[in-house]
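Fold and geometry: a report
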Amino acid sequence: MNDKNGADVRQDQFLDVLSREDALARFEGALFPRPRRHEERTLAAALGLALAQDVAAPVDAPPFDRSNVDGFAVRSADLAKAGPASPVILRLNGETVHCGDEPRLQVTPGTATPVATGAPMPRGADAMLMVEHSHPVGDHAIEVLRAVAPGNFVSFAGSDIALGETLLREGCVIGSREIGMLAACGVAVVPVVAKPRVAILSTGDELVQPGGTLRPAEIFDTNGSIVAAAVSENGGEAHFLGAIRDDEDALWAAMSKAFAECDMLILSGGTSKGAGDLTHKLVNRLGKPGIVAHGVALKPGKPLCLAVCDGKPVVILPGFPTSAMFTFHDMIAPVLRTMAGLPARVDASVEAVAPSRIASELGRREYVMVSLVEGVDGLTAYPTGKGSGAITSFAQADGFLTIEALSDHMPAGARAQVTLFTPHVRAPDLVVIGSHCVGLDAAATPLARSGLSVRMISVGSMGGVAAARRGECDLAPLHLLDEKTETWNAPYLGEGMQLVPGWRRMQGVVYRRGDARFEGRDAHAAAASALADAACIMVNRNQGAGTRILIDRLLKGARPEGYFNQPRSHNAVAAAVAQGRADWGLAIKQAAEAYDLGFIPLSQEHYDFALVSARAQRPGVQAFLYSLGSEATKAALRKLGFEPAS
Ligand code: AMP
Ligand code: MG
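**Digging into helix α1 (residues 20-31)**
A rise of 1.5 Å per residue sets the reference length of α1, with its twelve residues, at 16 Å; its end C-alpha atoms lie 16 Å apart and thus fit the reference within 8%. Along α1, the residues classified as buried are Arg20, Ala23, Leu24, Phe27 and Leu31. Looking straight down α1, one finds its buried side chains confined to an arc of 95 degrees; they lie on one side. Contacts from the buried residues of α1 go to β18 (289-294), β19 (298-299), β20 (305-309), β21 (312-317), α6 (321-339) and β24 (365-375).

Encoded structure:
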């Protein structure tokens, strides 16, 4: 097989897939030790960077013997015998020392000088007496009823740090506290490890930069933004250079220029050894030794390609954004941090239980993103993954758990360590697990406004009821028709649950406007007309979807072309029809409107909630129920095309 550039693009297998540890060892072995670039930076510009050398204090801090209190500079010997029964009178010298004043008069025996907090001690004095521990006697003397020890309330010059002492050590990461210490010693510029300059290139004919407009079959460049941000987060200086088309000459020109100008080159896409995947073939041309690992036993992330060319790391991340993100954090960030002189990141982790069996591919270490909820005994970890192409999983996940290469699954009920994306897990005020609907956002908005956090996990109606039974959620939204009784939802509730009415959504046949097979017919006639035309292609829904029950009833056992195309959402059905991959399907009215399709109403679906009675009094639940009943939420639901049920 030849691609448009004439190169051989057989889908050769990853013959030598390495373990994560072996791949990292080869990569680091080829790269380190290597010298680091140093530079001088002003304090403000040094924030977050690693110090390249020890910094010694250029002055004493404090620079003079300094009073720590408002009071009087005294000679402790004068007050040695002072007590309640033996007051001592001290005469005041004719000056008051404020901050910034240099004292002129000596404190001689029997005298004292008023000194402010932070001002220098006058010659002759060896201690401070707090103003509260004295009484004025006329304008020129004080009476003292207690003794003070030598050195009382005085910070001596250099007692904080002495000239020449090490103030900060090489490798220390500069934060606000370090900046404070440096400023206190008058240091304005420090030697730091220069941020590695990291050039970032996306590759693919299908990529459009965010802000642009997608044409058919195009997608937005996600990796460019992800990698640039992740590089900055890990101490690199990110230079995003855009997306390059899958054209050998263009790619080579961009790669070689970026490589020459930077300390590290990160590409994404084109590593899968598939048709049009050129990137990895060009990497070896950049320098020696070239590719050290191509194919790592990770999931997501198998096609990762690691190279070192003339001492610089060159990385090709997998194209799928989640894969790119995981491999970056797992394998590339540690190397970048070492180059930047920064310590390895330490991620917090918590223990949680898997609610159901999680399948995993044998032979690859798999990272599964999870969303955490509080169960009856401890945390439960729900996988949020929708496949390695899905980017929203990241926003919904609290962290990830790891299934080692030698396991092909994690059993239900297993305890796993979850690595957190943030330092802490915050238990949500309201947990909603079940079928998803855009109407939910309308009902939850007032909660978010009043500072309550809501966690929504879509697992379908049945999955929600199961979660409610296990006590993992407050509410389980569902839309299930019981065919025997012809009733919605109530028959599906478990023990200890009550039904909270939600809203109604109209489902119907979607088709492209003007299609004579559907125009002007009712839903049953439209289905019959579709079945009568062998060229007519349908799009179905997944097993378990409420909509699927309606479709199977309409089809009465028929299996027309397209029956096995079973996407999991209303929008996917509408998109398939709008883009001409199918001619008809069943979806909610909002999806038809979003894609400007014709719509024939079939039946109203009941979207309600199973409320776990034992959790009904939780403030988050009360707030949600209040919102559901409010006129504002009802109006918002109607605006979205839903009919509130009560
Ligand atoms: P590739 O390895 O180039 O075949 O890419 C694998 C998958 O990731 C394809 O579906 C690409 O469209 C997708 N992909 C590649 N690069 C990007 C990117 N920068 N942003 C979003 N998706 C990408
Ligand atoms: Mg590509």
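Let us keep going from here.
**Here we look at the domain arrangement of the chain**
It is common to give the size of an interface as the accessible area that goes away when the parts come together. Annotation of the chain at the domain level lists domain 1 (20-34 + 195-339), domain 2 (38-61 + 160-193), domain 3 (66-155), domain 4 (349-420) and domain 5 (430-646). A buried area of about 1,400 Å², summed over both sides, lies between domain 1 and domain 4, and 65% of it is on carbon and sulfur atoms. Broken down residue by residue, the surface that domain 1 buries against domain 4 is led by Lys299, Thr322 and Phe326, which jointly contribute 48%. Our count for the contact surface shared by domain 1 and domain 4 stands at two salt bridges. Between Glu361 and Lys299 there is a salt bridge, with its nearest N and O atoms 3.8 Å apart.

**Notes on the sheet that holds strand β16 (residues 237-244)**
Here we have six strands laid out as an open sheet, ordered β16-β13-β17-β21-β20-β18, and mixed in their pairing. Looking along the sheet, the strands with just one partner apiece sit at the ends: β16 and β18. Looking at each pair of strands side by side, their axes are set apart by 15 degrees on average, direction ignored. As defined by bridge partners, β20 adjoins β21 across five bridges and the pair is classed as antiparallel. Bridging across to β21, Cys305 finds its partner in Ile316.

**Section: the packing of helix α14 (residues 619-629) against helix α15 (residues 631-639)**
As a packed pair, α14 and α15 sit with axes 5 Å apart at the nearest point and diverge in direction by 65 degrees. The residues of α15 that touch α14, namely those facing Ser627, Leu628 and Gly629, are Glu631, Thr633 and Lys634.

**With respect to the sheet that holds strand β9 (residues 141-144)**
Here six strands make up an open sheet; going across it, the order is β7-β4-β6-β5-β9-β8 and the pairing mixed. Lying at the two open borders of the sheet, with one neighbouring strand each, are β7 (127-130) and β8 (134-137). Direction aside, the axes of adjacent strands within the sheet are offset by 40 degrees on average. Examined bridge by bridge, strand β5 (residues 88-92) and β9 share four bridges and lie antiparallel to one another. Considered in β9, the bridge of Ile89 is made with Glu143.

About the criteria used
- Residues numbered from 1 in each chain as written.
- Chains lettered and ligands numbered in written order.
- Predicted model: local features only at pLDDT ≥ 70, side-chain atom pairs only at ≥ 80, totals over all residues.
- Heavy atoms only, no water.
- Helix = DSSP H or I, 4+ residues; strand = E, 2+ residues; numbered from the N terminus.
- Expected span 1.5 Å × (residues − 1).
- Buried < 20%, exposed > 50% of the residue type's maximum accessible area, 1.4 Å probe, protein only.
- Arc of directions from axis to C-beta.
- Contact = heavy atoms within 4.5 Å.
- Domains from an automatic or database assignment.
- Buried area = accessible area lost by both parts, 1.4 Å probe.
- Salt bridge = Lys/Arg side-chain N within 4 Å of Asp/Glu carboxyl O.
- Pairing = 2+ DSSP bridges.
- Axes fitted to C-alpha atoms, helices over the stretch in contact; angles between N-to-C directions.

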